[in-house]
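# Remarks on the overall topology
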Amino acid sequence: MYDDDHQEDSHQIGSQQDEWSLETLAIRAGHQRTFEQEHSEPIFPTSSFVYASAAEAARKFGGHEPGNVYSRFTNPTVHTFERRLAALEGGERCVATSSGMSAILSTVLALLSAGDEIVASRSLFGSTVSLFDKYFGKFGITTRYVELSNVAAWEAAITPKTRLLFAETPSNPLSEIADIPALVALAKRHDAFLAIDNCFLTPALQQPLALGADLVIHSATKYLDGQGRAVGGAVVGSHALLEEVFGVVRTCGPCLSPFNAWIFTKGLETLSLRMNAHCDNALTLARWLDAHPAVNQVFYSGLENHPQHFLAKQQQKGFGAVLGFEVKGGQEGAWQVIDATRMLSITGNLGDVKTTITHPATTTHGRLSDMQKEAAGISPGLIRVAVGLESQQDIQRDLARGLDVLAG
């Protein structure tokens, strides 16, 4: 186990010092300088570590002495990222994983057993639904899906076997908002864990642990990196819960590579600046789309006409960069708008400084049944845009190529 009580010099910031702002923690937390006294965080691309004696190796392998053992579960670069993200989320500990999906996988494997039940939002990423239904289902873990914003529906779905409540908020791609404090109260009352997928907002805009959630899930691939360079994930929470998740990563091996951990650590340095700029661009675009004659509806919680706009303002510092909008003409109209763009990137990924556009019904949610799509609000005319940091005028002009034709 790595030594989190390592003595730091007076110019280094530990993850447990709450006197520093999030912006400062994002730049300085978690880095424990080596004897080389490097200023920037180093990368340790090594699979193993050496010891001065057999006795030292035995102590470290046995967990009797802190130190690195094997990079599947102890690597200094990965630990730096983990400590920094834990500090930003206000958590005791973070466990990094190879992807956002492996973060969810590791969490469920660690905390649930055959016969347990999950209650989840029906507005989940398509692969998350497949993981819950196809893979956890065949091992005896049942999932019930409810409307994200309907607290009464959540409570009605809970049974004595419910062990985990799981939600993405805001939802993808309809920007629905979960009432996190209300779900916290439900989870506590029914002796269940509450896990919040926070990859759309990041700790720069929302801190679920501070609202009472037990766990925060991240696809670090998205805004924690911010430039579409690497794939990774993370789980943040208490030492007790994360020790179980760490055990899964250690044994099953869905670990984060040192190089990707270094990329994410550097991405965190600009997180607040990027997220604020993303929010500004997204709100401007949402208002422009809301007034366009080819657009039937815009889904973005930053708009005053969004049904949960007030709730979003209460528990978020910003509204994020992802929005959905439904155009006239169904799938044909949506594809026409997407194909007319020249600058926007047609891709299912998001969280990039480059604006991305996709058709959820045939990409990110394409594996869902028609019934599941309808329940999740994924209509044929729905387009998702993850608004990047390009010129707002250029983004609008690119979308207008297809929208203006569609409007007639």
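The text that follows walks through the structure, step by step, so that each part is easy to find. As the structure is a computational prediction, the values presented were derived from the model and not from experiment. (Residues numbered from 1 in each chain as written. Predicted model: local features only at pLDDT ≥ 70, side-chain atom pairs only at ≥ 80, totals over all residues. Heavy atoms only, no water.)

### Quick look at the sheet that holds strand β4 (residues 162-168)
To be explicit about the condition: Two strands make a pair as long as DSSP finds a minimum of two bridges between them. Strands here mean DSSP runs of E at least two residues long; helices mean DSSP runs of H or I at least four residues long; both are numbered from the N terminus. Whenever a helix is involved, its axis is fitted only over the stretch in contact; in every case the axis is a line through C-alpha atoms, and angles between N-to-C directions fall within 0 to 180 degrees. Only heavy atoms matter for contacts: two residues are in contact if any of them lie within 4.5 Å across the pair.
Sheet architecture is open: seven strands sit in the order β1-β7-β6-β5-β4-β2-β3, paired in mixed fashion. The two strands at the open ends of the sheet, each matched to only one other strand, are β1 (93-97) and β3 (142-146). The average angle at which neighbouring strand axes cross in this sheet is 20°, direction not considered. Examined bridge by bridge, strand β6 (residues 215-219) and strand β7 (residues 233-237) share five bridges and lie antiparallel to one another. Bridge pairing in β7 links Val 216 to Val 236. Contacts from helix α5 (residues 126-136) reach β2 (117-121), β3 and β4, with the element oriented near 140° to β3.

### A short note on the packing of aromatic side chains
The cut-off we apply is this: Aromatic pairing here means that ring centres of Phe, Tyr or Trp (its six-membered ring) are within 6.5 Å. Orientation follows from the plane angle: under 30 degrees is stacked, over 60 is edge-to-face, and everything else is tilted. Each residue's exposure class comes from its accessible area (1.4 Å probe, protein chains only) as a fraction of the maximum for that residue type: buried when under 20%, exposed when over 50%, partly exposed otherwise.
A full pass over the atoms with the stated rule returns seven aromatic pairs. Taking 6.3 Å as the distance between ring centres and 25° as the angle between the ring planes, the aromatic pair formed by Phe 259 and Trp 262 counts as stacked. With Phe 259 and Trp 262 both in helix α10 (residues 258-268) and three residues apart, the pair spans about one turn of that helix. Its relative accessible area of 46% is what places Phe 259 among the partly exposed residues. Residue Trp 262 is classed as partly exposed on the basis of its relative accessible area of 25%.

### Concerning the pattern of salt bridges
Our working rule: Note on definitions: salt bridges are taken to be side-chain nitrogens of Lys or Arg within 4 Å of carboxyl oxygens of Asp or Glu.
Across all of its chains, the model carries 13 salt bridges by this definition. Notably, a salt bridge pairs Glu 269 with Lys 266, separated by 2.9 Å at the nearest N-O pair. What makes Glu 269 partly exposed here is its relative accessible area of 25%. Taking the relative accessible area as the measure of exposure, Lys 266 reaches 22% and is therefore partly exposed.

### With respect to the packing of helix α11 (residues 271-290) against helix α15 (residues 392-407)
Relative orientation and spacing of two packed helices are given, respectively, by the angle between their axes and the distance between those axes. The test is simple: Small angles under 35 degrees read as roughly parallel and large ones over 145 as roughly antiparallel, with 65 to 115 read as roughly perpendicular and the rest as oblique. Crossing handedness is read from the near helix: turned anticlockwise from the far helix by less than a right angle, it gives a left-handed crossing, and turned clockwise, a right-handed one.
In contact at an axis separation of 10 Å, α11 and α15 are set at 30° when each is read in the N-to-C sense. When the axis of α11 is compared with that of α15, the two are roughly parallel. Relative to α15, α11 is oriented so that their crossing is right-handed. Along its contact with α11, which presents Asn 281, Thr 284, Leu 285, Trp 288 and Leu 289, the element α15 presents Gln 392, Ile 395, Gln 396, Leu 399, Ala 400 and Leu 403.

### Things to note about the sheet that holds strand β8 (residues 295-299)
Strands sit in the order β8-β9-β12-β11-β10 across an open sheet of five strands; the sheet is mixed. The sheet is open, and its two edges are formed by β8 and β10 (345-346), each paired on a single side. Across three bridges, strand β11 (residues 356-358) lies against strand β12 (residues 382-386) in antiparallel orientation. By the bridge assignment, Thr 358 is partnered in β12 with Arg 384. Packed onto the sheet, α11 meets β8, β9 (322-327) and β12 and runs at close to 10° relative to β9.

### What about the pairing of β1?
The element β1 is extensively covered by neighbouring structure, given that five of its five residues are classed as buried. Because side chains alternate across β1, one face comprises the buried residues Arg 93, Val 95 and Thr 97, and the other comprises Cys 94 and Ala 96, equally buried. In this sheet, β7 lies alongside β1 in antiparallel orientation, the contact comprising five bridges. Paired with Arg 93 across the two strands is Gly 237, which belongs to β7.

### Describing the side chain of Ser 301
Within the element layout of this structure, Ser 301 appears in the loop between β8 and α12 (309-315). Discounting residues that sit within four places of it in the chain, Ser 301 has contacts with Ser 175, Ile 177, His 306, His 309, Ala 312, Gln 316 and Phe 319.

### Section: empty space enclosed by the protein
Filter applied, for reference: Note on definitions: the grid is 1 Å and covers protein atoms alone; a cavity is a set of points where a 1.4 Å probe fits but cannot get out; a pocket is an open set with protein on both sides within 12 Å along at least five of seven lines; lining residues have an atom within 4 Å of a point. Grid points are joined across faces, edges and corners, and a volume is the space filled by probe spheres set on the points. Only Asp, Glu, Lys and Arg are considered charged in this grouping, and only Ala, Val, Leu, Ile, Met, Phe, Trp, Tyr, Cys and Pro are considered nonpolar; every other residue, Gly among them, is considered polar.
For the structure shown, the criterion picks out two cavities of 30 Å³ or more. Each pocket or cavity is described by its volume, and for the largest cavity that value is around 100 Å³. Along the walls of the largest cavity sit 14 residues, with Arg 72, Phe 73, Val 78, Glu 82 and Ala 96 positioned nearest its centre. Elements supplying a minimum of two residues to the lining of the largest cavity: α3 (76-89), β1 and α9 (239-252). Considering each element in turn, the lining of the largest cavity owes the most residues, three residues, to α3. Residues of the lining of the largest cavity, tallied by class, amount to eight nonpolar, four polar and two charged. Quantified by volume, the second largest cavity comes out at close to 50 Å³. Lining the second largest cavity, in full, are Pro 170, Ser 171, Pro 173, Ser 175, Phe 200, Leu 201, Phe 319, Gly 320, Ala 321 and Val 322. Residues belonging to the lining of the second largest cavity are distributed by class as follows: seven nonpolar, three polar and no charged.

Shape is all these values report; function is a separate question.
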